[in-house]
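Structural overview for review
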Amino acid sequence: MNDDSRKVSAAINAPAAAEPGRNAYSYFPGCSLTGSAGEYDASFRLTSEALGIRLDEISDWNCCGASPAPHHWSGNLGVLLPARNLHIAGDGHEAMVAPCAGCYNRLKNAQHELTGSEELREQAARVLEEPVRYEIEILNLVELFAREVSPEALAERVQGRLAGLNLATYYGCLLTRPAKIMNFDNHRNPVSMKPLLRATGAQSDHFPFKSECCGSYMGLAKKEIVLRASRRVIEVAAGLGFDAIVTACPLCHQNLDLRQGQINKAFGTSLDMPVLYYSQVLGLALGLGSDDLGIDAHAISARKLLAKIGKGAGGPAAATSLKPEANQSTPASIGTIPAAGS
Amino acid sequence: MRIGVFVCQCGTNIAGTVATDKVAEAALSMRDVLHAETLQYTCSDPGQRAIIDAVQKKGLTRVVIAACSPRMHETTFRRTIGQAGMNAYMMEMVNIREHCSWIHSDIDIATDKAIDLVQKGVARVRRQVPLYSTTVPVTRRVLVIGGGVAGIQAALDIADSGLPVTLVERGPTIGGNMARLDKTFPTLDCSSCILTPRMVEAKQHENIRLMVNAEIEQVRGYIGNFEVDVRKKATCVIEDKCTGCMICQEKCPGKAPDEFNAGVGQSKAISIPFPQAVPMVAALRKEYCRQFINGKCGVCKKVCPADAVDYEQVDEITTEMFGAVVVATGYELYDWREAYPDYGGGQYPDVVTSLQYERMLSASGPTAGHVQRPSDGAEPKQVVFVSCVGSRDESVGRPLCCSVGCMYIAKQAILTKEHIPDSQSYVFYIDIRATGKGYEEFTRRAQKEFGAIYLRGRVGKIYPSNGQLVVMGTDTLSGGPVEIEADLVVLATGFSAARGAGELARKLNISYDQYEFLSESHPKLRPVETTTGGIFLAGACQAPKDIPDSVAQASAAAAKVIGLLSRGEIETSPMVAAVDQLRCIGCFKCRDVCPYNAIEALELRDGRQVAKVIDTLCQGCGVCNVACPPSVVSLKGYTDNQLIAETMELLR
Amino acid sequence: MAELKLIGFLCNWCSYAGADMAGTARMKQPGELRIIRLPCTGRVNPLLILKAFQQGADGVLVSGCHPGDCHYNEGNYYARRRLELLSRMLPAFGIEPERFHFTWVSASEGARWADVVTQFTRKIEAMGKMSGAEQGTPPAKASCEAGVGAPDEQTGSEDAVPA
Ligand SMILES: Cc1cc2nc3c(=O)[nH]c(=O)nc-3n(C[C@H](O)[C@H](O)[C@H](O)COP(=O)(O)OP(=O)(O)OC[C@H]3O[C@@H](n4cnc5c(N)ncnc54)[C@H](O)[C@@H]3O)c2cc1C
Ligand code: SF4
Ligand code: SF4
Ligand code: FES
């Protein structure tokens, strides 16, 4: 027996903040979500809305600093760029969310470096022309949902809509490493997605490759590395009978989904493993449409998987906060918005 | 007052950083010092003779020795000045090696410090008075805790010398982990064949009393006279009546985990762990028993031909006096599951621990020696051994070496080939540690004769695939990743101290390390003693060890015990507290704080109640000295005057 | 700056042994600290520490066994209570409480001991020597003499000790 569940429930209940307005988050989309991972952005917004989580996109956000380019121009751009984002994200919010694992990782790293270096803070202040504010809490998408949605409430609402699916959780590397700085989940065995996935009625067995490398950005420089690494992840998932891989990182998604065809070509395999974003899966469970969630835009079709989803189970999605604790006693509703799209 | 100062050079250990002649010269100008000299090795025979000479020729009445730590040689030099005709306590050691020459590199700093320390020692010894130790009779009976091979060996050795021994084992049988092993390295002799006779011998020995299902409840007293409460746990079986026929076990409907077989196989709520158990007595585990769970069963009571089952039995506590204690509580395998999610965290049935595998190999094991993998009972053809799981791994907070893993892997690889001739074993290792007699040759045999393939590197991941397990690792010698499809994976899990070892240590007032292995008094020179007099260590409770080392340590502990108790009485330390009864106000604050109840009330002739220290109980902690409002309790050898003088001297 | 005077009171069973171990492992340490060996931290009289400060100690360090590990079971618990009180009283005597440090070092923690000594010495270095005004303030003097200063009957005054 793995004691996943114990750890996760601790994580969910941990900072259960009851103060109002706490479930409004400053939202940092980053370049991927406005470009190649548009469906991640769309599904995140829709799902959040359906769950009663308000996202306030940071106006005028800039590059998160993760792309290798800034590092080549100046050693400190990798901190100064995110520093500006942190600085402007704070307005009226205590926490921000960065769904892209790369952005999340860079923002957290920058925050760590700023905390530890007066010199960097001074540099940032010079650029910003005022003392830098960098203390805002940074969340990734998995963390945000774990905090805002209680598994019991979700299960109650979706009535086992995803029953029959077995979903492999795939965390990759950026969400949890370096462990001391990310301080999110157990980096050797992350489990944060599991409780909500199980609440949807789906099964989510232990996926031994959950934090194995997908090949990362080597896709540009040395494609073979990505193809080899991602092939393993997909093959193992297929071998263990999973219906789909669930991820929370646009780069992982790109390597596993978009390149699956290249993998098949390169190795003569016939892999056919849908790769879904975590927000898409939760959206499906809430009854949102697969086209609105952008699932239809993926390279590997999720048709078979969608066909498996129990029809008619669960009512239409209402924008309802399912936050653990805080909203449990009061009728869990922050107003009703028509189920987006469906 | 005539004080002599001896400054040790300790070869270059001290003289390399401390200008010892300057220290001796400075000493000569200290009050009452009329002799000072440097000695090359003070603890050597010529060194000690030089001290005796000086004492006798110059009529010294006090001696200061500036050398190594008093924890090292205080006893040596007390004896020396005793030989010179002085009271052994009129000597003070100051530590200019561990606390000075070895931790500084600047000669001036070290020399200044050494002079200060000598000055402090002189100030202290000037206020020293002769002290005389007393003797107390000892109880000539010995307690051995833990009935593994180490405990058995110690008990037998001590019992053979004529001393009565009580052997307390918390499990239902003695034998410990060795009883679970199939064959033993490096000779491959069968473990039961060599151990069972010794178990029986222990049971039959006229000087040994066996107490199984028993644990130490409380310990009072001190060296020579420990008063120990032992809790004998209720097993619902009357030990004297049970004949070991095992009918109850056969008929019992209550399934229970098989602890003896390390969880391979199943046992019953009432059972005898294995057919060679000693004593051959059943024990009932209430948590699995239907009679206790829902009050409906009573089968064992009905079928027992000896009428030995008694559901009303309760725990019993007995109290006994012992002169010495040997602790031999052994080890348990480290629970690897939480720390190694990459190996499946316990979710894959075909990933087993070394001890489970040992039971699978054993002819007396649940599969009668037919190796079958747990998932489907098939005979494994590809077996992968992973060494150092929970050993030598900083990333999971376990940097220690289990010291036997490399050896038992080699053994198990050999046995695998013997059991399944068409099998192939792979061994992932970090280094092969095989330092015992015949050990290196043994690991070579595993490779050369039995074809085990050794791969130097750690395993990164194990995952299931097509009914097998894929073991992903690195081979650092060929420099690349390797993957092996295995039918069975055996983890060489590290050693943890026995559950509750720390708690037991606290009861015994002995120290233990961060892994709860019990600490020896000195890693080199006092390896079986603890820091508490009269308590000794044997076997894997002190550190991971193999059988030969456990047995050797057990015999060493036995020798120490026999030596201690052969004297019939022991000297107590004279550094105990004393009350100035004339000035005692009878507040008894001292009695309230004393951890050893060593202070009692005494009525003087004038009817005044005053405090009195019981010398034989006082351990010399000095807590009372500080608690006394008029400062009239004083710890001999550490009096207020001495401590103040030392402090003042350093601040001059 | 004149040399700092630092005194360490160490229990024999844990910290003194730990300091020995640091020495055996040749772990270099600053040279200001002078160690006084005691059977147990339970033998440490708070008044002795006051006295040390009054006599010009710039820092006093007390180190014993970890809680639960005291060779005499409870000595370090008494020490903890007594020394905590002392530490709170120090400002009343004009002594910065940071100059006093109470810690635990076990017999196997040589590295920790070296670290404790280094940190403590650096801290006092940064604070500098005790200013003259702090020394020998009347309350400190008075109570020290009333307490630890009392003659010791086991030995009598030093001159009464047999030669
Ligand atoms: C898989 C494996 C294979 C091995 N193969 C070999 C080999 O081939 N050759 C070899 O030399 N070594 C081998 N060893 C090592 C060997 O098992 C040990 O060296 C040996 O068992 C140590 O004996 P022990 O008596 O110190 O401890 P143990 O065997 O652990 O015995 C300790 C006993 O104390 C009891 N106990 C514990 N706590 C208490 C308490 N509080 N009160 C009362 N009783 C208590 C326990 O129940 C147990 O009976 C192997 C080890 C393993 C894991
Ligand atoms: S009472 Fe029944 S279940 Fe309990 S030990 Fe006896 S036979 Fe087994
Ligand atoms: S020194 Fe005092 S407190 Fe300590 S054991 Fe002896 S009498 Fe008890
Ligand atoms: S013996 Fe170390 S603190 Fe008591």
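Along each chain, residues carry numbers from 1 onward, in the same order as the chain's sequence is written. The lettering of chains begins at A and the numbering of ligands begins at 1, in the order of writing. Selection of residues for local features in this predicted model requires a pLDDT of at least 70, selection of side-chain atom pairs for listing and counting requires 80 or more, and totals for whole chains, interfaces and linings are taken over all residues. Excluding hydrogens and water, the side-chain figures rest on all heavy atoms present in the structure.

1. What about the sheet that holds strand 26 (residues 480–486) of chain B?
Residue and element names in this part refer to chain B. Using the following cut-off: Strands are treated as partners if at least two bridges between them are detected by DSSP. Numbering goes from the N terminus for both helices and strands, where a helix is a DSSP run of H or I of at least four residues and a strand is a run of E of at least two. Axis angles are defined between N-to-C directions and span 0 to 180 degrees, where every axis is a line fitted to C-alpha atoms and, for a helix, only to the segment in contact.
The 3 strands lie next to each other as 24-25-26, forming an open sheet whose pairing is antiparallel. Either end of the sheet is taken by a strand with one partner, and the two such strands are strand 24 (459–465) and strand 26. Averaged over all neighbouring strand pairs, the angle between strand axes comes to 20°, with direction disregarded. Note that strand 25 (residues 468–475) and strand 26 share 7 bridges and pair antiparallel. Looking at the pairing, Gly473 lines up with Val482 of strand 26.

2. Remarks on the packing of helix 6 (residues 101–116) of chain A against helix 7 (residues 118–128) of chain A
Residue and element names in this part refer to chain A. Quick reminder of the rule: For classification purposes, an angle smaller than 35 degrees is called roughly parallel, one larger than 145 roughly antiparallel, one from 65 to 115 roughly perpendicular, and anything else oblique. Any two residues having at least one pair of non-hydrogen atoms within 4.5 Å are treated as being in contact. Under the scheme applied here, ten amino acids are nonpolar (Ala, Val, Leu, Ile, Met, Phe, Trp, Tyr, Cys and Pro), four are charged (Asp, Glu, Lys and Arg), and all others, including Gly, are polar.
Look at helix 6 against helix 7: their axes get within 5 Å of each other, and the N-to-C directions meet at 110°. One element, helix 6, and the other, helix 7, form an angle in the roughly perpendicular class. Within the contact between the two elements, helix 6 uses Glu113, Leu114, Thr115 and Gly116 and helix 7 uses Glu118, Leu120, Arg121 and Ala124. Looking at side-chain class alone, the contact of helix 6 with helix 7 contains 3 nonpolar, 2 polar and 3 charged residues.

3. Things to note about the site of ligand 2
All names here are of chain B. We apply this condition: Nearness here has a simple test: a residue counts as near a molecule or strand if at least one of its heavy atoms is within 4 Å of that partner.
For ligand 2, the set of nearby residues contains 13 residues, the closest of which are Cys252, Cys289, Cys297, Cys300 and Tyr311. Elements that contribute at least two residues to the shell around ligand 2 include exactly helix 10 (290–294) and helix 11 (299–303). Partitioning the shell around ligand 2 into residue classes produces 10 nonpolar, 2 polar and 1 charged.

4. Thoughts on helix 4 (residues 70–83) of chain B
Let me state the cut-off plainly: Residue count minus one, scaled by 1.5 Å, sets the expected span of a helix. The buried label applies to any residue whose accessible area, calculated with a 1.4 Å probe on protein chains only, is under 20% of its type's maximum; exposed applies above 50%, and partly exposed to all values in between.
Under the 1.5 Å per step criterion, the end-to-end length of helix 4 of chain B is 18 Å for 14 residues, consistent within 8% with the ideal 20 Å. Buried within helix 4 of chain B we find B:Pro70, B:His73, B:Glu74, B:Thr76, B:Phe77, B:Arg78, B:Thr80 and B:Ile81. Buried-residue contacts for helix 4 of chain B involve helix 3 (45–58), strand 3 (62–67) and strand 4 (91–95) of chain B together with helix 1 (15–24) and strand 2 (33–38) of chain C. Positive backbone phi, approximately 95°, marks B:Gly85, located one or two places after helix 4 of chain B.

5. Quick word on the interface of chain A and chain B
Quick reminder of the rule: Here's the idea: put two parts together, see how much 1.4 Å probe accessible area each one loses, and the total over both is what we call buried area. What makes a salt bridge here is a side-chain nitrogen of Lys or Arg within 4 Å of a carboxyl oxygen of Asp or Glu, nothing more.
Taken together, the contact between chain A and chain B spans 14 residues of the former and 17 residues of the latter. Around 1,300 Å² of area is buried between chain A and chain B when both sides are counted, 44% of it from carbon and sulfur atoms. On the chain A side of the interface with chain B, the three residues burying the most area are A:Arg188, A:His206 and A:Arg232, jointly 44% of the side's total. Where chain A packs against chain B, one counts 2 salt bridges. Its salt-bridge partner being A:Arg232, residue B:Glu483 comes within 2.2 Å of it at the nearest N-O pair. At the level of elements, helix 1 (4–13) and helix 13 (223–239) of chain A are the ones that each hand at least two residues to the side of chain A that touches chain B. Here the side of chain A that touches chain B is built from residues that sort into 5 nonpolar, 3 polar and 6 charged.

6. Examining helix 13 of chain A
Residue and element names in this part refer to chain A. Compared with an ideal rise of 1.5 Å per residue, which puts 17 residues at 24 Å, helix 13 spans 24 Å between its outermost C-alpha atoms and is within 8% of the ideal. Those residues of helix 13 not exposed but buried are Val226, Leu227, Ala229, Ser230, Val233, Ile234, Val236 and Ala237. Trailing helix 13 by a residue or two, Gly241 shows a phi angle of about 80°, which is positive.

7. Concerning the state of the cysteines
Residues and elements named next belong to chain B. This is how the line gets drawn: Two cysteine sulfurs form a disulfide in these notes if their separation is within 2.5 Å.
Under the criterion given, the structure shown has 1 disulfide over all chains. One disulfide bridge connects Cys190 with Cys193, the sulfur atoms lying 2.2 Å from each other. Between Cys190 and Cys193 the disulfide shows an S-S torsion of about 90°. By sign, it is right-handed. The exposure class of Cys190 is partly exposed, given its relative accessible area of 22%. Classification of Cys193 as exposed rests on a relative accessible area of 51%. Left without a disulfide partner, Cys10 is nearest to the cysteine sulfur of Cys8, which lies 5.1 Å away. Cys10 gets classed as buried once you look at its relative accessible area, which sits at 9%. No disulfide involves Cys248; its sulfur sits 6.2 Å from that of Cys245, the nearest cysteine.

8. Quick word on the side chain of B:Gln542
Residue and element names in this part refer to chain B. This is how the line gets drawn: Between N or O atoms, a polar contact is any pair within 3.5 Å; within protein, one atom must be a potential hydrogen donor and the other a potential acceptor, and residues adjacent in sequence are included only when both atoms are from side chains.
As for its placement among the helices and strands, Gln542 is situated in the loop between strand 29 (535–537) and helix 16 (547–566). At a separation of 2.5 Å, a polar atom in the side chain of Gln542 contacts the side chain of Lys545. Leaving out residues up to four positions away in the same chain, Gln542 has contacts with Phe517, Leu518, Glu520, Leu537 and Gln553.

9. Some remarks on the sheet that holds strand 27 (residues 488–493) of chain B
Residues and elements named next belong to chain B. The 5 strands lie next to each other as 20-27-21-22-23, forming an open sheet whose pairing is parallel. A single partner strand is all that each edge strand has here, and the edge strands are strand 20 (351–353) and strand 23 (453–456). With direction set aside, neighbouring strand axes in the sheet form an average angle of 25°. As judged from the 5 bridges shared by strand 21 (residues 382–389) and strand 22 (residues 424–429), these two strands associate in the parallel manner. Paired with Gln382 across the strands is Gln424, a residue of strand 22. Set on the sheet, helix 12 (residues 354–361) makes contact with strand 20, strand 21 and strand 27; between it and strand 20 the angle comes to about 90°. Contacts between helix 13 (residues 405–419) and the sheet are confined to strand 21, strand 22, strand 23 and strand 27, with strand 21 contributing the most and set at about 170° to the helix.

10. Some points on the interface of chain B and chain C
The interface is formed by 62 residues belonging to chain B together with 63 residues belonging to chain C. Summed over both sides, the interface between chain B and chain C buries roughly 5,400 Å², with carbon and sulfur atoms accounting for 55% of that surface. Seen at the junction of chain B and chain C, the total is 3 salt bridges. Residues B:Glu74 and C:Arg37 are paired through a salt bridge, measuring 3.1 Å at the closest nitrogen-oxygen approach. Joining chain B to chain C, the criterion identifies 20 residue pairs in polar contact (both at pLDDT 80 or more). Listed by contribution, the elements that provide at least two residues to the side of chain B that touches chain C are helix 4, helix 5 (97–101), helix 6 (107–126), helix 17 (589–593), helix 18 (623–627), strand 34 (633–635) and helix 19 (640–650) of chain B. With 8 residues, the single largest contributor to the side of chain B that touches chain C is helix 19 of chain B.

On their own, these measurements won't tell you what the molecule is for.
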